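Each chain is listed here by its residues.
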Amino acid sequence: MNNATMNRDEKRKLTGFAAEVYEWLESIAFAFAIAVILFTFVFRIVSVSGPSMNPTLNDADRLVVSCLFYEPEYNDVVIIAGLGNEDGELYNEPLVKRVIATEGQTVQIVDDIVYVDGKAIKDSFGATPNFLGDPSNYVDLSTPTTVPEECVFVLGDNRMVSRDSRHRTVGFVPETYILGKVILRMYPFDSFGTVE
């Protein structure tokens with residue numbers, strides 16, 4: 001075999017190797033683009049900040065949130081983003097809360113029992129707290145109060161420390177502020193799984 005034949009074979013091998021590398025890079029770029037689209041429009045990753053959802057979720061848990069075509073339903077754990085306080089300032093962190101009532105339903109809290117449409121809700125998340133701080137910061141829910149259109153009433157599972165729809169700085173949450181429903185805890189790894 002002469003030198004010209006060897007050089008041709010080497011060039012073919014290089015071209016084959018380069019083509020394979022190109023195919024791999026193309027596949028990686030495509031997968032990356034799909035991941036970006038999914039995690040921009042379909043799923044989001046959010047961190048829990050604080051103890052208001054204990055024992056269901058803990059501070060610094062990492063959550064996967066489904067945000068495409070979401071309609072709030074009772075008992076969903078949701079992420080609320082972009083909500084402002086009474087001074088017009090946005091909350092620094094997204095809020096993680098549980099949907100207790102949706103538009104048109106009535107909510108009442110009497111003797112630490114939450115009633116939705118006149119029925120006491122049965123859950124394992126503990127009593128409603130006495131006022132945290134100034135009682136004037138809380139919405140009066142001693143009589144049945146209707147959840148406004150396109151809004152939800154949310155509570156934290158750790159109700160003794162949760163700032164939620166009972167508090168004037170949160171109140172009834174417009175659905176436009178709901179980023180989506182929590183579907184999965186991805187971190188810490190030993191707690192990986194769906195969120196109920």
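What counts and how
Residues numbered from 1 in each chain as written. Predicted model: local features only at pLDDT ≥ 70, side-chain atom pairs only at ≥ 80, totals over all residues. Heavy atoms only, no water. Phe/Tyr/Trp six-rings, centres within 6.5 Å; stacked < 30°, edge-to-face > 60°. Helix = DSSP H or I, 4+ residues; strand = E, 2+ residues; numbered from the N terminus. Buried < 20%, exposed > 50% of the residue type's maximum accessible area, 1.4 Å probe, protein only. Pairing = 2+ DSSP bridges. Patch = residues over 30% accessible without salt bridge, like charges linked within 9 Å, V, L, I, M, F, W, Y side chains within 5 Å. Areas by Shrake-Rupley, 256 points an atom, 1.4 Å probe, with all protein chains shown as cover. Salt bridge = Lys/Arg side-chain N within 4 Å of Asp/Glu carboxyl O. Lys, Arg positive; Asp, Glu negative; His and termini not counted. Charge placed at Lys NZ, Arg CZ, Asp CG, Glu CD. Core = buried A, V, L, I, M, F, W, Y, C linked by side-chain atoms within 4.5 Å. Contact = heavy atoms within 4.5 Å. pLDDT = per-residue confidence, 0-100.

As for the packing of aromatic side chains
Under the definition given, this model contains 2 aromatic pairs. Summarising the aromatic geometry, the rings of F153 and F172 are spaced 5.9 Å apart at their centres and angled 55 degrees between planes, so their arrangement reads as tilted. Of this pair, F153 sits in strand β9 (residues 151-155) while F172 sits in the loop between β9 and β10 (173-174), and the two are 19 residues apart along the sequence. Residue class for F153 comes out buried when judged on its relative accessible area of 0%. Residue classification places F172 among the partly exposed residues on the basis of a relative accessible area of 23%.

Some details on unusual backbone geometry
Between N54 and the following residue, P55, the backbone shows a cis peptide bond with an omega angle of 5 degrees. Mapped onto the fold, P55 is located in the loop between β1 (43-47) and β2 (62-66). The phi dihedral of A60 falls on the positive side, at around 75 degrees, and the residue is not glycine. Along the chain, the position of A60 falls in the loop between β1 and β2. Positive phi is not limited to glycine here, since N75 has a value of about 80 degrees.

Here's the deal with the sheet that holds strand β7 (residues 119-120)
Across a sheet, strands are paired by hydrogen bonds formed along the backbone, either parallel or antiparallel in direction. Within the open sheet, the 4 strands sit side by side as β7-β6-β5-β8. Their pairing is antiparallel. Among the strands making up the open sheet, the edge pair consists of β7 and β8 (145-146). Examined bridge by bridge, strand β5 (residues 106-110) and β8 share 2 bridges and lie antiparallel to one another. Counterpart to V107 in the pairing with β8 is T145.

Overview of a negative patch on the surface
Taken together, E71, E73, E103, E149 and E150 make up a surface patch of like negative charges. With respect to the helices, strands and loops of the structure, E149 is situated in the loop between β8 and β9.

Description of a nonpolar patch on the surface
Side chains of F17, V21, W24, L25 and I28 sit close together on the surface and give an oily, nonpolar patch of about 560 Å² of accessible area. Along the polypeptide, W24 turns up in helix α1 (residues 3-42). With a relative accessible area of 56%, W24 lands in the exposed category.

Some thoughts on the pattern of salt bridges
Summed over the entire model, instances satisfying the criterion amount to 4 salt bridges. Here R185 makes a salt bridge to D61, at a shortest N to O gap of 2.7 Å. Of this pair, R185 sits in strand β11 (residues 178-187) while D61 sits in the loop between β1 and β2, and the two are 124 residues apart along the sequence. The class of R185 is buried, set by a relative accessible area of 12%. Salt-bridge contacts for R166 lead to D164; the nearest nitrogen and oxygen are separated by 2.7 Å.

Quick look at the nonpolar core
Core analysis: the biggest nonpolar cluster contains 12 residues, these being I100, A101, V107, I109, V114, V116, I121, L141, V147, C151, F153 and L155. When residues of this core are traced back to their parent elements, those giving at least two are β4 (95-102), β5, β6 (113-116) and β9. At 3 residues, the largest contribution of residues to this core is made by β9. Setting aside its immediate chain neighbours within four residues, L155 contacts M53, K97, R98, I100, V114, S162, D164 and R166.

Brief notes about the confidence of the model for the chain
A residue-level look at the chain finds 79% of positions with pLDDT of 70 or above and a mean pLDDT of 80. Here α1 stands out as the least confident element of the chain, with mean pLDDT 66; β9 is the most confident, with 95.

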